[in-house]
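Chain residues, written in single-letter form:
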Amino acid sequence: MSTLTDPPNESFRLSMLINDTRYRSLTFQVIAAVILALCIWYLGNNLIQNLRAAGLNISYNFLSDSSGYDINQRLVEYDSQSSHAKAALVGLLNTLLVAFLACITATVFGVVAGVLRLSNNWLVSKLMAFYVEIFRNIPVLIWIIIIFTIMTAVLPGPRAFRGDNATSSMLFDAFAFTNRGIYTPMPWFEHGLFASASMNWLLVIAGFVGSWFAARRINIWANQKQEATGIRPKTTALILAAWLVPFLVLMLVMGLSWEYPELKGFNFKGGIKIGGPLIALWFALSIYTGAFIAENVRAGIQAVSKGQTEAASALGLRPGKVMNLVVLPQALRVIIPPLISNFLNITKNSSLAIAVGYADITATLGGITLNQTGRAIECVLLLMLFYLTASLTISMVMNVYNASVKLKER
Amino acid sequence: MKKTMILGAMAFAGLAAGAASAGTLDDVKARGKLNCGVTTGLVGFAAPNANGEWEGFDVAVCRAVAAAVLGDSTAVEFVPTTGKTRFTALASGEIDMLARNTTWTFSRDVDLKFEFVGINYYDGQGFMVPKELGVSSAKELDGATVCIQTGTTTELNLADFFRSNNISYEPVPVETNAEAQQQYLAGACDVYTTDASGLASTRATFDDPASHAILPEIISKEPLGPLVRHGDHEWGDVVRWTLNAMIAAEELGVTSANIGEMAAGTDNPEINRLLGAEGTLGEMLGLSADWAKNAIASQGNYGEVFAKNIGEDSPVGLARGLNAQWTEGGLLYSPPFR
Amino acid sequence: MSDQKTNSIAFVADGTIPPSPPPAGETGPVKWLRENLFSNAVNSALTIAALLVIYVILSKTLPWLLNGVWTTNSLAECREVLQGKTGACFSVLTERWNQLLYGFKYPGDQYWRPNLALVLLLVAIAPVLFFDLPRKLLAFTAIYPFLAFWLIWGGTILAPIVALLGFAAGAFVFQTYGKSSFAIGFFGAIVAAFAVWLIGGALIPDGASDNAMLQAVPSRDLGGFMLNLMLGVTCVSLSLPLGIALALGRQSDMPLIKWICVVFIEFVRGVPLITLLFVASVMLAYFFPPESTVDLFLRVVIMITMFSAAYIAEVIRGGLAALPKGQYEAADSLGLDYPQAMRLIILPQALKISIPGIVNVAVGLFKDTTLVSVISMFDLVGMIRGPILASTEWNGVYWELLGFAALLFFVVCYGISQYSQWLERRLATDHR
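A. Broad picture of the overall build of chain B. Counting secondary structure elements, chain B contains 14 helices and 14 strands. Over its C-alpha trace chain B gives a radius of gyration of 21 Å, about what one expects of a compact globule, namely 20 Å for 338 residues. In terms of principal-axis extent, the alpha carbons of chain B reach across some 60 × 60 × 40 Å. Each of the 338 residues in chain B was classed as buried or not, and the buried ones make up 63%. At a minimum sequence separation of 6, the contacts of chain B that also span at least 24 residues come to 70%. Carbon and sulfur atoms make up 51% of the accessible area of chain B, which totals about 12100 Å². Distance between charge centroids for chain B: 6 Å, based on 23 positive and 42 negative side chains.

Printed below as a string of structure tokens:
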């Protein structure tokens, strides 16, 4: 009879490094570490040698020098005397602005097109299929250039608004659509409660937040009442009042008035200007990404089995409620993960702003600053760091949201 | 070359190896080709024509250097560079010289470690406006929208000009000259600003050039010239003196037409020294005795190159102005060949 | 009798009544229209809106398209011919046709080379794309990269042959020793390949390219749509093996390797391609040995390959994660080691699930090759924005050129995505 014996207690041999699974992974990792270290040493050494040969060095001191150039769109105070770092900040905010706007509109375009593509109207669904295919299959750079060219060629210049026989006129005397951008009236307060305009606007926002809390309280109160008595009190008027009254009071007290854009000299002055490059980039990014989102939305809705819709109808829910309460919550689980990557794509594609002259971070830090200072390595590294941070942040936030709508499995 | 073969074969792409450390002149001779950085396309200065051949004012400088060093003006590999890539291309040895209307400035010379070997075009930044705006001076441009081609010194000059005159403007940065032109013609900007030569070159391509005016103010000094890497003085000398040879040739009346008989020997000793009939100037540079003759014979002297590419009879239509010889009131002045 | 019958009963149907035609509103196009376009008020409104959109688009573009001029030599001549009417100036396409397709530097008498390479490409990828074709064709696919390299770049044929021999030697070593131990076979193959390349490279005489059968073309001379296609095909095919390796590395239980792969993938996916291209154009040159310069094409290929490898790795990781755990356990219980399990059980299934995703990445990547125009390479968009629009003759022809570029990309990308959908249906082994 054979008896069980312990496996031979071998002493360590060199061949075990390759053949024994206990040690093999260690061997591979050591090899990988050595190769990695060698690569880094090799590249670093080349870099040092090349820089020494060219007499250059890595230094970020240029960031505090004055930039010397102007930027047409800025969300913070900036002029040509500000530092390169400030210019990079202006670009950074512009990137975030266009990415944020484009994410919202792309979602709207995508949802509308995705739902309409499933419509039983033959013409509309074919039209939407055409939209999706044509935008998905042509490079976004070409779209950005085409849309920007269309904007500059089709819309009139401010010159067309001038003179007695002007070929263009302002809409309602308040909106001007030019190829330099769209000018709209700007609201302002004649006798604001604070000296600075932004504080007044903060007050208005605070008012809205207060209204939101009030409306919520009213709802909670109504729910309690309903649970206690079985009758839901009418809340429509109350909620409407909660929203409107504080707003109207604030507007009256502070004296809301409008500043209209006016043609003065070379350009329209006054009002709010939304620059042409911003509009072109914003629109191009949203309509391009919208086509991708439309496909996600369609796939998401189709992923909800037909039985769910039928079951909901059998329960007597109206079509609107079927969509809101049954189909969409389930479809969202399928839609959100690709939606995240589409938002990331928008942020990254916004770097194509240089094609239309929009001053995003690629155009300021990675463009003019790089050209003027010649600090290529430093600028490109900073640029990559920014995009990396932005991408990781967006995907983190969206993943948290994704986790909250995910099917809770037990 | 061994390493070249492996990597090239592996990645299915040629890997051009050149020993940049030995000295650019030896490299160029060993390679049999000159790598010359030019713009991606500016009519008159450097642009590929319909047959794909590069031609223009800057291109002629490259070709002249190739003719001087290698005896063959076609032995040039033109590397198109943007405002962003030009300095890296030169610093990293991808190109041997850069002839891309680059302004000679202190920081480029000192901080970025390049050597400007001379000036082949004295330029200045100007403004172009449609005549219908009725603007006659740049100081009337308060509040105007200005198209600028990015990647040059133009943005800085513009900011300085408007700040010092205490007027406001709105910059529209544009990537290429063609796009700037489209924006300007569509009325998306009131003014287009770049080097005055570039303005003339752009206006030349318009449907109706007469309805656009170039304003009298020239707001900056833009000495444009070829540059090489700092520290390689032999190579710097070759490029510098090839440029000087072209300028001196015009002053001395040597043209591509009469250079054959002049090279045989004249009674002007400076021409003889220039063309290699007397003295050992070529040897001092490490080139053959007929280096300057080759350069001038292939491209012509400075005046011929100017007239052919950007002169008044060319589509660009620039007057000589500052770029006339010093004997005719311009700034072109070549040190003596002695 | 018959008489009585006819009298007593007024009428008896002795056959079935022929079906009466449906009401006019329920047949043919009218019914179709009613059901598909005007079923209710909202639908009708949508239909009318859609018709309006179509009308607006067509009324703007049709006269422009139909009035197109094809045979002039410059925009000014076009304007003369059109006499102020709306019309396109397609002459720019006919006149600059070769530049748009091949760039402005590729020698004109050598155009047959890229053309032949393209045709052979179709032959070479056919067995990869369509499984029904005889497997023997794959041998040609293996030779194709070397053949195409030689066709497009020209020069000495020895270089691609040495490269091919290196791979062949590697494959041979792997076949011989890989059976007993994967690791020895794998590393042995790499060593063998490098040995062949080193020796072969040394044997090729300097200047072999000078009077070779095919004139050597430097990669700087490539351009136009050809450059887009080449970048797309090269980078996708190079990034596939790299992507698989990264995906496996990310799933690995060796912490160091996993860590390297995660950092690489997340880093590359986190930055836009354009910044990687900036790296290629302004930074990478500093990282190569001081004596060598690597040409821009190769630098761009390196960066784009890294970029698409990271995306493909994520797609394949999805495929790996989608496989039931049982597959891994089954492979283990059969006694297969890791390379065997991956090669024989896991990857074939995971790759099959990932194919549509990979095709999507490939289409995206192909479209992104237009970005190289930003770093002064003359691809299709670069040609349009650079030399063509800057020339005196064609200054101001935007729509025709951009429309042509869009059309070319649309044809290729739509074709690929249709293939992907066909493949998805073909590979669907579940019963839905």
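B. Structural detail: the environment of lysine 306 of chain A. Residue and element names in this part refer to chain A. Residue placement: lysine 306 occurs in helix α9 (residues 306-314). On the basis of relative accessibility, which here comes to 63%, the residue lysine 306 falls in the exposed class. Lysine 306 sits 21 residues away from valine 327 along the chain, and the two C-alpha atoms are 9.4 Å apart.

C. Inspection of the domain arrangement of chain B at higher detail. Residue and element names in this part refer to chain B. Under the domain assignment, chain B is made up of domain 1 (21-122 + 224-328) and domain 2 (125-220). Put simply, the middle of domain 1 and the middle of domain 2, counted by C-alpha atoms, are 30 Å apart. Tallying the contact residues gives 13 residues for domain 1 and ten residues for domain 2. Taken together, the two surfaces of domain 1 and domain 2 that pack against each other cover about 840 Å², and 60% of this comes from carbon and sulfur.

D. Region of the structure containing the interface of chain A and chain B. Taken together, the 36 residues of chain A in the interface contact 40 residues of chain B. Contact between chain A and chain B buries roughly 3100 Å² in total, counting both sides, with carbon and sulfur atoms accounting for 49%. At the junction of chain A and chain B, the tally comes to three salt bridges. The shortest N-O distance in the salt bridge between arginine 180 of chain A and aspartate 190 of chain B comes to 2.5 Å. Elements with a minimum of two residues in the side of chain A that touches chain B: α5 (140-154) and α11 (361-373) of chain A. The leading source of residues in the side of chain A that touches chain B is α11 of chain A, at seven residues. For the side of chain A that touches chain B, the class distribution of residues is twelve nonpolar, 18 polar and six charged.

E. Layout of the interface of chain C and chain A. Taken together, the 56 residues of chain C in the interface contact 55 residues of chain A. Here chain C meets chain A over a buried area of about 4900 Å², counting both sides, of which 76% is carbon and sulfur. On the chain C side of the contact with chain A, Tyr286, Phe287 and Lys367 of chain C bury the most area, a combined 13% of that side's loss. Linking chain C with chain A are zero salt bridges. Linking chain C to chain A there are eleven residue pairs in polar contact (both at pLDDT 80 or more). Sorting the residues of the side of chain C that touches chain A by element identifies α2 (28-36), α3 (41-66), α10 (182-203), α12 (255-270), α13 (273-283), α16 (338-368), α17 (380-390) and α18 (399-427) of chain C as the ones contributing at least two each. A per-element tally of the side of chain C that touches chain A places α18 of chain C first, with nine residues. In terms of residue class, the side of chain C that touches chain A is made up of 42 nonpolar, nine polar and five charged.

F. Expanded view of the pairing of strand β9 (residues 144-149) of chain B. Residues and elements named next belong to chain B. Counting buried positions along β9 gives six out of six residues, so the element sits mostly inside the fold. Neither face of β9 is left uncovered, since the one carrying Ala144, Val146 and Ile148 and the one carrying Thr145, Cys147 and Gln149 both have all their residues buried. Pairing analysis gives three bridges linking β9 to strand β11 (residues 191-195), with the strands arranged parallel. Among the inter-strand pairings, isoleucine 148 is bridged to a residue of β11, identified as threonine 193.

G. Region of the structure containing the environment of lysine 60 of chain C. In this fold, lysine 60 of chain C is placed in helix α3. Along the backbone, lysine 60 of chain C and threonine 86 of chain C are 26 residues apart, and their C-alpha atoms lie at a distance of 9.4 Å.

Parameters and conventions
- Residues numbered from 1 in each chain as written.
- Chains lettered and ligands numbered in written order.
- Predicted model: local features only at pLDDT ≥ 70, side-chain atom pairs only at ≥ 80, totals over all residues.
- Heavy atoms only, no water.
- Helix = DSSP H or I, 4+ residues; strand = E, 2+ residues; numbered from the N terminus.
- Rg over C-alpha atoms; globule rule 2.2 N^0.38 Å.
- Buried < 20%, exposed > 50% of the residue type's maximum accessible area, 1.4 Å probe, protein only.
- Contact = heavy atoms within 4.5 Å.
- Areas by Shrake-Rupley, 256 points an atom, 1.4 Å probe, with all protein chains shown as cover.
- Lys, Arg positive; Asp, Glu negative; His and termini not counted.
- Charge placed at Lys NZ, Arg CZ, Asp CG, Glu CD.
- Domains from an automatic or database assignment.
- Buried area = accessible area lost by both parts, 1.4 Å probe.
- Salt bridge = Lys/Arg side-chain N within 4 Å of Asp/Glu carboxyl O.
- Nonpolar A, V, L, I, M, F, W, Y, C, P; charged D, E, K, R; others polar.
- Polar contact = N/O pair within 3.5 Å; in protein donor to acceptor, adjacent residues only side chain to side chain.
- Pairing = 2+ DSSP bridges.

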